[in-house]
Amino acid sequence: MSSATRLDTHLGVPIALFASGRGSNFDAIVAAVKAGRLNARILCVISDQADAPVLEKARTQKIPAWSLPRVPGDSRESHEKKILDALRAEKEFPRFAVLAGYMRVLTENFLEPFRSDRGYARVVNIHPSLLPAFPGRDSYAQAFRYGCKRAGVTVHLVDREVDSGPICAQESFSIESCRSVEEVERLGLALEHRLYPQTLEWVLPEKFEIENDSDGRRMRVRPS
Ligand code: GRF
């Protein structure tokens, strides 16, 4: 199969990709799909920002790109309902929601349609820190300003807390020689672009074991 047709194939885990901005992780995921490393089909790209560059990138790849901003008066739930309704109106509902720089906190209502029998929601995110350190925004800047020797990246399943949920993969990198936040971000993004597609390779087909802590509060994920 040629790389040009791979995005259209009916093989592969159907995913919806969510992003609010630039879309460099989108690029990395598309490259992995085209190279045949990642068995996924991007059904659509959804952004809450009408002018997000990721939308144009998706259209260039002939992937449906939807801008669904949260309008004044929308609660988080009603905004999410519009997104879910739009997804349900399509021929095929995505098996996974893949978040790549999607700057919204999701509610239980969004997670529920993606819930698996094993208890987790099929919603995965990449966060630019070694969670639970530096949740929230500007995490590379937070690590740099704190004076950390190392920064990192986490890929995790999403639960109802912010930047929480079972950790799938985590890697760190030295920032001792970095003189600016931009330098940290450059190194971090290079790591993200490798780690996210690589982790999705086993997360999307759900080739992992899960283990619950005795108090049932924390779920651990290990590739199987
Ligand atoms: C990345 O640093 C990602 O970890 C974070 O938001 C940024 C998105 O970058 N959640 P991009 O839009 O994929 O280029």
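None of the values given here were measured: they were computed from a predicted structure. (Residues numbered from 1 in each chain as written. Predicted model: local features only at pLDDT ≥ 70, side-chain atom pairs only at ≥ 80, totals over all residues. Heavy atoms only, no water.)

Draft legend 1. Up close: the site of the ligand. Arg22, Gly23, Ser24, Asn25, Gly101, Ile126, Pro128, Leu189 and Glu192 make up every residue found near the ligand. Within the backbone of glycine 23, one N or O atom sits 2.8 Å away from an oxygen atom of the ligand. In the model, a nitrogen atom of the ligand is placed 3.2 Å from a nitrogen or oxygen of the isoleucine 126 main chain. Summarising the interface, the protein chains cover 87% of the accessible area of the ligand, which totals 360 Å² for the free molecule. If you list the elements that add at least two residues to the shell around the ligand, you get helix H2 (24-34) and helix H7 (181-203). Looking at side-chain class alone, the shell around the ligand contains three nonpolar, four polar and two charged residues. (Near = heavy atom within 4 Å. Polar contact = N/O pair within 3.5 Å; in protein donor to acceptor, adjacent residues only side chain to side chain. Areas by Shrake-Rupley, 256 points an atom, 1.4 Å probe, with all protein chains shown as cover. Helix = DSSP H or I, 4+ residues; strand = E, 2+ residues; numbered from the N terminus. Nonpolar A, V, L, I, M, F, W, Y, C, P; charged D, E, K, R; others polar.)

Draft legend 2. Representation of the packing of helix H6 (residues 139-146) against H7. Packing of H6 against H7 brings their axes to within 9 Å, and their N-to-C directions diverge by 130°. Of the possible angle classes, the one that applies to H6 and H7 is oblique. Read as a crossing pair, H6 and H7 show a hand that is right-handed. Residues Tyr140, Ala141, Phe144 and Arg145 of H6 form the contact with H7, whose own contacting residues are Val181, Val184, Glu185, Gly188, Leu189 and Glu192. Its residues assigned to classes, the contact of H6 with H7 shows six nonpolar, one polar and three charged. (Axes fitted to C-alpha atoms, helices over the stretch in contact; angles between N-to-C directions. Parallel < 35°, antiparallel > 145°, perpendicular 65-115°, else oblique. Left-handed = near helix turned anticlockwise from the far one by under 90°. Contact = heavy atoms within 4.5 Å.)

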